[in-house]
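Examining the three-dimensional arrangement
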Amino acid sequence: MTKQIPHWVDGAEFVGTSEQWADVTNPASGDVSGRVALASERDARYVIDSATAAGKAWAKTSLARRTQVIFAFRELLNARKEELAEIITAEHGKVHSDALGEISRGQEVVEFACGISHLLKGGHSESASTGVDVHSKRDPLGVVAVISPFNFPAMVPMWFFPIALAAGNAVVLKPSEKDPSAAIWMARLWKEAGLPDGVFNVLQGDKVAVDALLRSDDIDAVSFVGSTPIAQYVYEEASKTGKRVQALGGAKNHMVVLPDADLDLAADAAVNAGFGSAGERCMAISVLVAVEPIADDLVARIAERTRTLRIGDGAKKTDGAAEADMGPLVTKAHRDRVASFIDSGEQAGAKVIIDGRDVEAHGAADGFWLGPTLFDHVTPDMEIYREEIFGPVLSVVRAGSYDEAVELINANEYGNGTAIFTNDGGAARRFEADVQVGMIGINVPIPVPVAYYSFGGWKRSLFGDTHAHGVEGVHFFTRGKVVTSRWINPAARPVGGLELGFPQND
């Protein structure tokens, strides 16, 4: 029987009342593996009410107890991450090792949240004025919503909810309906870790669920990751009710390779960053800018490596067979969309060096297969350069100089991530200052920051003022208070007369 994937509320599964369901597929076979509940407005209200009620007690729970629960979750996740990786592979399609890598990066934020007590400390100033003390503190917001994309069903939620929970908030997670089971698995793990019922909830669904979260007066903040049009919509709708919003959008990440670079290192990085996770990540390198005269040599090296990639079912192998390097795309519709961009690039005159439409995958015939595609001689006017493809398509643009390469990056509407490959420290340092991008890699193709720094881009890659995790994440999920107190010493009170309390800066 096809499994049902429900909501999670009050520490238990909840089927909901909408009677609306969506199919969940295994991308490697095309088979329907489950049906996920699609929330009604009534279901959303029930989940939000549960979080609101539970959050009040959680906010008053001691910081010591909160961090104990976070640490227990960390230990359970370490022990059972193979289970979660198998779920991710089965519904998203990424290879097993890539799924484990996703969990590890999310786990970094869990570990960061275990030490949140240091970041919640306030300041104290004694005798700021005579007899007057001042101190600051950070309080939780209340109930926060996390709206997560399909491409990282474990890591992206873990960018947000560990910090939100450690800071004393209740959480409602709305995962993608394409791969919803990871969220339920993590909800069960929170219960096992000792988190009180109702503090972590999962609301499955589509736009109805999203809009209910954005418009509810009981949701105090929204964290979102997805495409730029939806990020802008989330930001505008949630802001109408006064919510805090961090909405991370799309990207068109460029990797610049200067003539002095180690071309083998650059070619390895281009294959990894362009085709890893089937290109379905906002930090993927989709444009490689080769600064002449190295383009011919570099393209040849990338093509040589790309042809060795094994495309197939990403499930963990138990029979000794070689693991695939790249799995299928998440849905048939998305596979067809990415393939249409390859058609567009070919028709526009870009040179197809490797054609992913001709892939011979090691997997079921009905899987959503598309192999890595390498284009050369791409120009900025082409659709494959302008649009975020979100698939295994790497476009090579040839530039005549460093300045031309930087101009390409800065002219782009996105400002998420970028990288430069060079052995010239001066050029690298100049690049850091010149590019208008939020995350920069120097000989690192995918510069996702470690958890104690913050993740986020510039321009149309971010709507809101606060990046994910790190200190900025702690500040997003808390709000500051400053308390000024004055205690009169009865022995010092003047006899008779009026005490007006004017500052005495003695």
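Provided above is the structure to which this section pertains.
In short, a report on the structure. Numbers given for residues are sequential positions, taken from 1 along each chain in its written order. Only residues with pLDDT of 70 or above have their local features reported here, since the model is predicted, and side-chain atom pairs are shown and tallied only from 80 upward, although totals for entire chains, interfaces and linings are computed over all residues. The basis for every side-chain value is the complete set of non-hydrogen atoms in the structure, without hydrogens or water.

Some words on the packing of helix 2 (residues 63–92) against helix 6 (residues 181–193)
This is how the line gets drawn: Here an axis means a line fitted to C-alpha atoms, over the contact stretch when the element is a helix, while the angle between two N-to-C directions is reported on a 0 to 180 degree scale. Helix numbers and strand numbers start at the N terminus; a helix is a DSSP run of H or I with at least 4 residues, a strand a run of E with at least 2. An angle below 35 degrees is treated as roughly parallel, one above 145 as roughly antiparallel, one from 65 to 115 as roughly perpendicular, and anything else as oblique. Should the near helix be turned anticlockwise from the far one by less than a right angle, the crossing is termed left-handed; should it be turned clockwise, right-handed. Contact between two residues is taken to exist if any of their heavy atoms lie within 4.5 Å; hydrogens are not considered. Residue type decides the class: Asp, Glu, Lys and Arg count as charged, Ala, Val, Leu, Ile, Met, Phe, Trp, Tyr, Cys and Pro as nonpolar, and the leftover types, Gly among them, as polar.
Running from N to C, helix 2 and helix 6 point in directions that differ by 160°, and their axes come no closer than 9 Å. On the basis of the axis angle, helix 2 is roughly antiparallel to helix 6. Between helix 2 and helix 6 lies a crossing whose hand is right-handed. Across the interface between the two elements, Val 69, Ile 70, Ala 72, Phe 73, Leu 76, Leu 77, Arg 80, Glu 83, Leu 84, Ile 87 and Glu 91 of helix 2 pack against Ser 181, Ala 182, Trp 185, Met 186, Leu 189, Trp 190, Glu 192 and Ala 193 of helix 6. Among the residues making up the contact of helix 2 with helix 6, the classes are represented as 14 nonpolar, one polar and four charged.

Some points on the pattern of salt bridges
Condition: Here, a salt bridge means any side-chain nitrogen of Lys or Arg that lies within 4 Å of a carboxyl oxygen of Asp or Glu. Under the scheme applied here, a residue whose accessible area is under 20% of the maximum for its type counts as buried, over 50% as exposed, and between as partly exposed, the area being computed with a 1.4 Å probe on protein chains only.
Counted by the stated rule, this structure contains 34 salt bridges. Of the charged contacts, one joins Glu 83 and Arg 80 as a salt bridge, the two residues approaching to 3.3 Å between their closest N and O atoms. Of the two residues, Glu 83 and Arg 80 are both situated in helix 2; the distance of three residues between them amounts to about one turn of the helix. In this structure Glu 83 comes out as partly exposed when scored by relative accessible area, which is 37%. Here Glu 108 makes a salt bridge to Arg 105, at a shortest N to O gap of 3.1 Å.

Comments concerning helix 1 (residues 41–59)
In plain terms, the rule: Here the expected span of a helix is defined as 1.5 Å times the quantity of residues minus one.
In a regular helix each residue adds 1.5 Å, so 19 residues correspond to 27 Å; helix 1 covers 26 Å between its end C-alpha atoms and thus fits that length. Turning to helix 1, its buried residues are Asp 43, Ala 44, Val 47, Ile 48, Ser 50, Ala 51, Ala 54, Gly 55 and Trp 58.

Description of the nonpolar core
Our working definition: Definition of nonpolar core: a set of buried residues of the types Ala, Val, Leu, Ile, Met, Phe, Trp, Tyr and Cys, connected through side-chain atoms within 4.5 Å.
Counting 69 residues, the largest nonpolar core has Phe 73, Leu 84, Trp 159, Phe 161, Leu 165, Trp 190 and Phe 200 as the members making the most contacts within it. Take this core: its biggest share by element is 10 residues, from helix 5 (residues 155–166). Not counting the four nearest positions on each side in its chain, Leu 165 is found in contact with Trp 58, Arg 66, Ile 70, Val 171, Trp 190, Leu 195, Val 199 and Phe 200. In this structure, Ala 261, Ala 303, Leu 374 and Phe 421 belong to the second largest nonpolar core, which totals 62 residues.

Topic: a nonpolar patch on the surface
For clarity, the threshold we go by: Patch membership requires more than 30% relative accessible area and the absence of a salt bridge. Residues of like charge join within 9 Å; the nonpolar side chains Val, Leu, Ile, Met, Phe, Trp and Tyr join within 5 Å. Using a 1.4 Å probe, accessible areas were evaluated by the Shrake-Rupley method; residue-level cover was limited to the displayed protein chains.
A contiguous nonpolar surface patch, about 350 Å² in accessible area, is contributed by Val 450, Tyr 452 and Tyr 453. Following the sequence through the fold, Val 450 ends up in the loop between strand 20 (439–442) and strand 21 (458–459).

Some words on the environment of Leu 408
Within the fold, Leu 408 resides in helix 13 (residues 402–411). Taking the relative accessible area as the measure of exposure, Leu 408 reaches 14% and is therefore buried. Sequence separation between Leu 408 and Phe 71 is 337 residues, and the spatial gap between their C-alpha atoms is 45 Å. Excluding its chain neighbours within four sequence positions, the residues that come into contact with Leu 408 are His 254, Val 289, Pro 380, Tyr 385 and Val 397.

As for the packing of helix 9 (residues 263–275) against helix 10 (residues 295–306)
Axis separation between helix 9 and helix 10 bottoms out at 9 Å; the angle between their running directions is 55°. By the angle between their directions, the pair helix 9 and helix 10 is classed as oblique. The crossing of helix 9 and helix 10 is right-handed. In this structure, helix 9 uses Leu 263, Asp 264, Ala 266, Ala 267, Asp 268, Ala 270, Val 271 and Phe 275 to contact helix 10, whose residues at the interface are Asp 297, Leu 298, Arg 301, Ile 302, Arg 305 and Thr 306. Tallied by class, the residues present in the contact of helix 9 with helix 10 amount to eight nonpolar, one polar and five charged.

Let's talk about the sheet that holds strand 23 (residues 478–486)
Put simply, the rule is: Any two strands with at least two DSSP-identified bridges between them are counted as paired.
One open sheet accounts for three strands, arranged 6-7-23; its pairing is antiparallel. Where the open sheet ends on each side, the last strands, each with one partner, are strand 6 (124–129) and strand 23. Between one strand axis and the next, the sheet turns through 30° on average, direction left out of account. In terms of strand pairing, strand 7 (residues 132–140) meets strand 23 through nine bridges, oriented antiparallel.

Quick notes on helix 11 (residues 332–348)
With 17 residues, helix 11 extends 24 Å from end C-alpha to end C-alpha; this agrees with the ideal 24 Å at 1.5 Å per step. Elements that come into contact with the buried residues of helix 11 comprise strand 16 (373–376), helix 12 (383–386) and strand 17 (393–399). Directly beyond the C-terminal end of helix 11, a positive phi value near 105° is found at Gly 349.

Regarding unusual backbone geometry
For the bond from Glu 292 to Pro 293, the omega torsion is 20°, close enough to zero to count as cis. By the element assignment, Pro 293 lies in the loop between strand 14 (285–291) and helix 10. A positive phi angle, close to 60°, is found at Glu 19, a residue other than glycine. Mapped onto the secondary structure, Glu 19 falls in the loop between strand 3 (12–14) and strand 4 (21–25). Under the relative-accessibility criterion, Glu 19 is labelled exposed at 72%. Look at Asn 443: it is not a glycine, yet its phi comes out positive at around 60°. Here Asn 443 lies in the loop between strand 20 and strand 21.

Observations concerning the side chain of Asp 139
One can find Asp 139 in strand 7. Not counting the four nearest positions on each side in its chain, Asp 139 is found in contact with Phe 477, Thr 478, Arg 479 and Lys 481.

A closer look at the sheet that holds strand 5 (residues 32–37)
Strand order in the open sheet made by the three strands is 1-5-4, with mixed pairing throughout. The open sheet has two edge strands with one neighbour each: strand 1 (3–5) and strand 4. When the angles between neighbouring strand axes are averaged without regard to direction, this sheet yields 35°. With five bridges connecting them, strand 4 and strand 5 associate as antiparallel partners. Within the sheet, the bridge partner assigned to Asp 23 lies in strand 5 and is Arg 35.

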